[in-house]
Amino acid sequence: MTTLKLELSQIRLADIRQILAEPVDIELPDRAWRAVGRSRANVEAALSADVIAYGINTGFGKLAQTRIDVDKLSALQQNLVRSHAAGVGAPLESGIVRLVLCLKIISLAQGYSGVRPELVHRLIVMLANDMMPVIPAKGSVGASGDLAPLAHMASTLIGQGQVHFRGAVVPTSQALKAIELEPLKLEAKEGLALLNGTQVSTALALDAVLAAERNLANGILIGAISVDAALGSYVPFDERIHQIRPHPGQQKVAAIFRNLLNDSEINRSHALCDRVQDPYSLRCQPQVLGACLDQLWHASEVFLREAISVSDNPLIIPDTGEILSGGNFHAEPVALAADNVALAIAEIGSLSERRIAMLIDSGISELPPFLVEDAGLNSGFMVAHVTAASLASENKSLAHPASVDSLPTSANQEDHVSMATFAARRLAEMNENSQLILAVEYLAAVQGIEFRRPLKSTRSIEGAVEILRNEVPHLSTDRVFAPDIQKAARLLAGGQPAKSVPPLLRDLSALGG
């Protein structure tokens, strides 16, 4: 198991990828443990001074005016966890849950939440033993934190609920017994600190933006293949065009296209053709996909900032011991950025679907109808394009902004919510849809390249052609198409075809960067 040394002011995309991909052991710096200890001492001091503080010795939400006796403070926290574990739906994937735990550790370890060091240590032990709580995916509105899903996480600390452990889903009590641990008894403030936070929304969003980056890289590579397959011009990628429109995403994507589209026999073969301009789906790829990259850059920065944020309430101020009630649990930044990611994912798929339509149209692409010999007897890519169109249409509906759909909860105490959890969660389905659209285009574009033989394309494109043909043969006559799409999609998910496309996302330098 890899050991990951977490810094509280910075987390890298490489760290996020590693946490999502495999079990990790977490190490925190000594200053984090000192900060947690000071924070807990401030809570104990407040209790000794009989200070009234929300969620520490009061009820929650609309019941915040109810004072709780000292001898019932532990029961208050236990009851909070039990009552809020009301999620529904299929469980989150283990990689997402692993990231949720890591993000919760980062938040608690900054020393503003008032929990005991042993609680943070227990989360680290769970990670080290790959004991992942079973967290239902649905039930959060993204304000007051991801209450229901985080309650399911917290319930495993007190020995309740279920966990993924050693290849099976088992009762938490059974897993704790196997590693010789007793359930924790939550003390004042701890249940609230576990439940308040945006860690589920943020984990889902980070996973989605990384998948969107992969789709965008695949979209650029496959778009370049389609340019040569359709005898498209390289002029629209000329650096001089993009220098005078200084959108950084557009300029970067155009540069990648120039790198992919160089020294092609296919391109030289039609240098003197009479086609004046190509369809937008070819010609405007830097503008469209570059705009998508700008959105992914912005969103990834938001998500990385949120990953190292303290989204608890109330907060314990270290220097003074003051207990401040605020609203850092409100996940509006995540929700708005996730909505923008949804638009980018939808556009990546939409542009790909338009290129498929162009390739199968012999009047535009100058390729055989529906990319198959003996069209009429064979239908070729006809219905594969219909599948792509249906997925593009689904993504249009899924791209509707979730953040504008606030619904008051808790008897109108929580009267504006972010819906960040759904905003981020639906991105996984959208990414899958776009990946499948790209898989269809990958098959179509490579088929088109082969109709240009014996002419060769560029080295990068020919490499991508070879990767596909090692798994999927040329479509010479009709066959069941679905397995071809799935094989192409698996290749795209693995990232091998787009290995010539450089990494697209970038890290923040540090907190507030």
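Use the structure listed above.
Criteria and cut-off values
- All residue numbers refer to positions counted from 1 along the written sequence of the respective chain.
- Two thresholds apply to this predicted model, a pLDDT of at least 70 for residue-level local features and 80 or more for giving and counting side-chain atom pairs, whereas whole-chain, interface and lining totals are computed over all residues.
- In computing side-chain values, all of the structure's heavy atoms are included and hydrogens and water are not.
- To qualify as a helix, a DSSP run of H or I must reach at least 4 residues; to qualify as a strand, a run of E must reach at least 2; elements of each kind are numbered from the N terminus.
- The globule rule is 2.2 Å times the number of residues to the power 0.38, and the radius of gyration it is compared with is taken over C-alpha atoms.
- Remark: exposure states derive from per-residue accessible area (1.4 Å probe, protein chains only) relative to the maximum for the residue type, with buried under 20%, exposed over 50%, and partly exposed in between.
- Charged residues are defined here as Lys and Arg on the positive side and Asp and Glu on the negative side; His and the ends of the chain fall outside this count.
- Taken as the charge location is NZ of Lys, CZ of Arg, CG of Asp or CD of Glu.
- In this analysis, strands are considered paired if DSSP registers two or more bridges between them.
- When a carboxyl oxygen of Asp or Glu lies within 4 Å of a side-chain nitrogen of Lys or Arg, that pair is called a salt bridge.
- The method works on a 1 Å grid over the protein atoms by themselves. A cavity is a set of points holding a 1.4 Å probe that cannot get out, a pocket is an open set with protein on both sides within 12 Å along at least five of seven lines, and residues with an atom within 4 Å of a point line them.
- Grid points are joined across faces, edges and corners, and a volume is the space filled by probe spheres set on the points.
- Amino acids outside the nonpolar list (Ala, Val, Leu, Ile, Met, Phe, Trp, Tyr, Cys, Pro) and the charged list (Asp, Glu, Lys, Arg) are all regarded as polar, and Gly is one of them.
- The nonpolar core is taken to be a set of buried Ala, Val, Leu, Ile, Met, Phe, Trp, Tyr and Cys residues, with the residues joined through side-chain atoms within 4.5 Å.
- Whether two residues touch is decided by their heavy atoms; if any such pair falls within 4.5 Å, the residues are in contact.
- Orient the strands so they point away from the viewer; a crossover is then right-handed if the path from the first strand over the helix to the second runs clockwise.
- Given the number of residues in a helix, its expected span is that number minus one, multiplied by 1.5 Å.
- Cysteine sulfur atoms are paired as a disulfide whenever they come within 2.5 Å of each other.
- Throughout, an axis means a line fitted to C-alpha atoms (over the contacting stretch in the case of helices), and angles, computed between N-to-C directions, take values from 0 to 180 degrees.
- Our angle categories are set so that under 35 degrees counts as roughly parallel, over 145 as roughly antiparallel, 65 to 115 as roughly perpendicular, and the remainder as oblique.
- Helix crossings get a hand from a simple test, with the near helix turned counterclockwise from the far one by less than a right angle marking a left-handed crossing and a clockwise turn marking a right-handed one.
- Only Phe, Tyr and Trp rings take part, Trp by its six-membered ring, and two of them pair if their centres are within 6.5 Å. Stacked means planes under 30 degrees apart, edge-to-face means over 60, and tilted covers everything else.
- Comment: the charge-over-ring label is applied if NZ (Lys) or CZ (Arg) is within 6 Å of the ring centre and within 35 degrees of the ring normal.

Novice: Is there a simple way to explain the overall build of the protein in this structure?
Specialist: Of the regular secondary structure elements, the protein holds 20 helices and 9 strands. For 513 residues, the compact-globule estimate of 2.2 N^0.38 gives 24 Å, and the protein sits close to it at 26 Å. Overall, the C-alpha framework of the protein stretches about 85 × 50 × 40 Å when taken along its three principal axes. Within the span of the protein, comprising 513 residues, buried residues form 56% of the whole. Charge-centre separation for the protein: the mean point of 44 positive side chains lies 2 Å from the mean point of 55 negative side chains.

Novice: Help me understand the sheet that holds strand β4 (residues 132-133), please; the structure alone is not making it clear to me.
Specialist: The strands making up a sheet associate through hydrogen bonds between their backbones, and the pairing can be parallel or antiparallel. Reading across from one edge, β4-β6-β7 is the order of the 3 strands in this open sheet, with antiparallel pairing throughout. The open sheet is flanked by β4 and β7 (168-171), the only strands paired with a single partner. The pairing of strand β6 (residues 162-165) with β7 spans 4 bridges and is classified as antiparallel. Across the sheet, residue Q162 finds its bridge partner in β7, namely P171.

Novice: For this particular structure, what's the right way to read the pattern of salt bridges?
Specialist: In a structure, side chains of opposite charge can pair up when their charged atoms sit close to one another. Per the counting criterion, the structure on display carries 20 salt bridges. Across the pair D278 and R275 runs a salt bridge whose closest N-O atoms are separated by 2.9 Å. Among the residues examined, D278 registers a relative accessible area of 6% and is labelled buried. Its relative accessible area of 23% is what places R275 among the partly exposed residues. Measuring nitrogen to oxygen at the nearest pair gives 3.7 Å for the salt bridge that ties R506 to E301. With a gap of 205 residues between them, R506 in the segment after α20 (482-494) and E301 in helix α14 (residues 285-307) connect regions that are remote in the sequence.

Novice: Please clarify how empty space enclosed by the protein should be interpreted in this entry.
Specialist: Unfilled space is identified by rolling a water-sized probe across the atoms. Applying the stated criterion across every chain, the model contains 1 cavity of 30 Å³ or more. Its volume calculated, the largest cavity comes out at about 40 Å³. The wall of the largest cavity is formed by F381, L443, Q447, R469, V472, P473, H474, L475, R479, F481 and D484. Partitioned by chemical class, the residues of the lining of the largest cavity number 6 nonpolar, 2 polar and 3 charged.

Novice: Even after reading the chapter, I still don't get the nonpolar core, so can you show me in this structure?
Specialist: The nonpolar side chains of soluble globular proteins are, as a tendency, buried together. L28, L194, F303 and Y442 are the most contacted members of the largest nonpolar core, which has 169 residues in total. The leading source of residues in this core is helix α9 (residues 199-229), at 18 residues. Excluding its chain neighbours within four sequence positions, the residues that come into contact with F303 are T202, A205, L206, V209, V334, A337, A338 and V341.

Novice: I would appreciate a short explanation of the pairing of strand β1 (residues 2-5) in the present structure.
Specialist: In the case of a regular strand, side chains alternate between the two sheet surfaces. Where β1 and strand β2 (residues 24-27) come together, 4 bridges link them in parallel fashion. Following the sheet pairing, K5 is matched in β2 by E27. Crossover handedness for the path β1 to helix α1 (residues 13-21) to β2: right-handed.

Novice: How should helix α15 (residues 332-360) be read in this particular structure?
Specialist: Residues separated by three or four positions in an α-helix point in the same direction, a consequence of the helix having 3.6 residues per turn. The terminal C-alpha atoms of α15, which comprises 29 residues, lie 43 Å apart, in line with the 42 Å expected from a rise of 1.5 Å per residue. Counting buried positions along α15 gives 21 out of 29 residues, so the element sits mostly inside the fold.

Novice: Is there a simple way to explain the layout of surface pockets in this structure?
Specialist: In this structure, the largest pocket occupies an estimated 910 Å³ of space. Taken together, 34 residues line the largest pocket, and the ones lying closest to its centre are D207, A208, L210, A211 and R214. Contributions of two or more residues to the lining of the largest pocket are made by α1, β3 (88-91), α4 (94-108), β5 (136-138), α9 and α18 (420-450). The element contributing the most residues to the lining of the largest pocket is α9, with 9 residues. Of the residues belonging to the lining of the largest pocket, the class tally is 19 nonpolar, 5 polar and 10 charged. In this structure, the second largest pocket encloses a volume near 660 Å³. Forming the boundary of the second largest pocket are 33 residues, of which Y54, G61, S144, L147 and E414 lie nearest the centre. Elements represented by at least two residues in the lining of the second largest pocket include exactly α3 (73-84), α6 (147-157) and α8 (190-195). The element best represented in the lining of the second largest pocket is α3, accounting for 3 residues.

Novice: What's the story with the state of the cysteines in this structure? I'm lost.
Specialist: Two cysteines form a disulfide when their sulfur atoms are joined by a covalent bond. Per the stated rule, a full pass over the model turns up 0 disulfides. Sulfur of C273: no disulfide; nearest cysteine sulfur belongs to C284 and is 17 Å away. A disulfide-free cysteine, C284 has its sulfur positioned 13 Å from the sulfur of C292, the nearest such atom.

Novice: What should I look at first to understand the side chain of S457 in this one?
Specialist: Residue placement: S457 occurs in the loop between α18 and α19 (459-469). Owing to a relative accessible area of 7%, S457 belongs among the buried residues under this scheme. Beyond its immediate stretch of four places on either side in the chain, S457 contacts D228, D263, S264, I266, I449 and E462.

Novice: Can you walk me through the packing of α14 against α15 in this structure?
Specialist: Working note: a packed helix pair is described by the angle between its axes plus the distance between those axes. One way to put it is that α14 packs onto α15 with a least axis distance of 9 Å and a crossing angle of 155 degrees. By the angle between their axes, α14 is roughly antiparallel relative to α15. Classified by chirality, the crossing of α15 by α14 is left-handed. On α15, the residues touching Q285, V288, L289, C292, Q295, L296, H298, A299, V302, F303 and E306 of α14 are P333, V334, A337, A338, N340, V341, A344, E347, I348, L351 and R355. Here the residues of the contact of α14 with α15 are counted per class, giving 15 nonpolar, 4 polar and 3 charged.

Novice: Please clarify how the packing of aromatic side chains should be interpreted in this entry.
Specialist: Any pair of aromatic rings gets described here by the distance separating the centres and the angle formed by the planes. Going through the model one piece at a time under the given rule, you end up with 2 aromatic pairs. Ring plane angle 15 degrees and centroid distance 4.8 Å describe the contact between F237 and F257, whose orientation is recorded as stacked. Of this pair, F237 sits in the loop between α9 and α10 (239-243) while F257 is found in helix α11 (residues 248-260), placing the two residues 20 residues apart along the sequence. Look at F237 and you get buried, because its relative accessible area is 2%. The exposure class assigned to F257 is buried, which follows from its relative accessible area of 0%. For the cation-ring pair, R506 lies above W297, with the distance from its terminal atom to the ring centre recorded as 3.9 Å.

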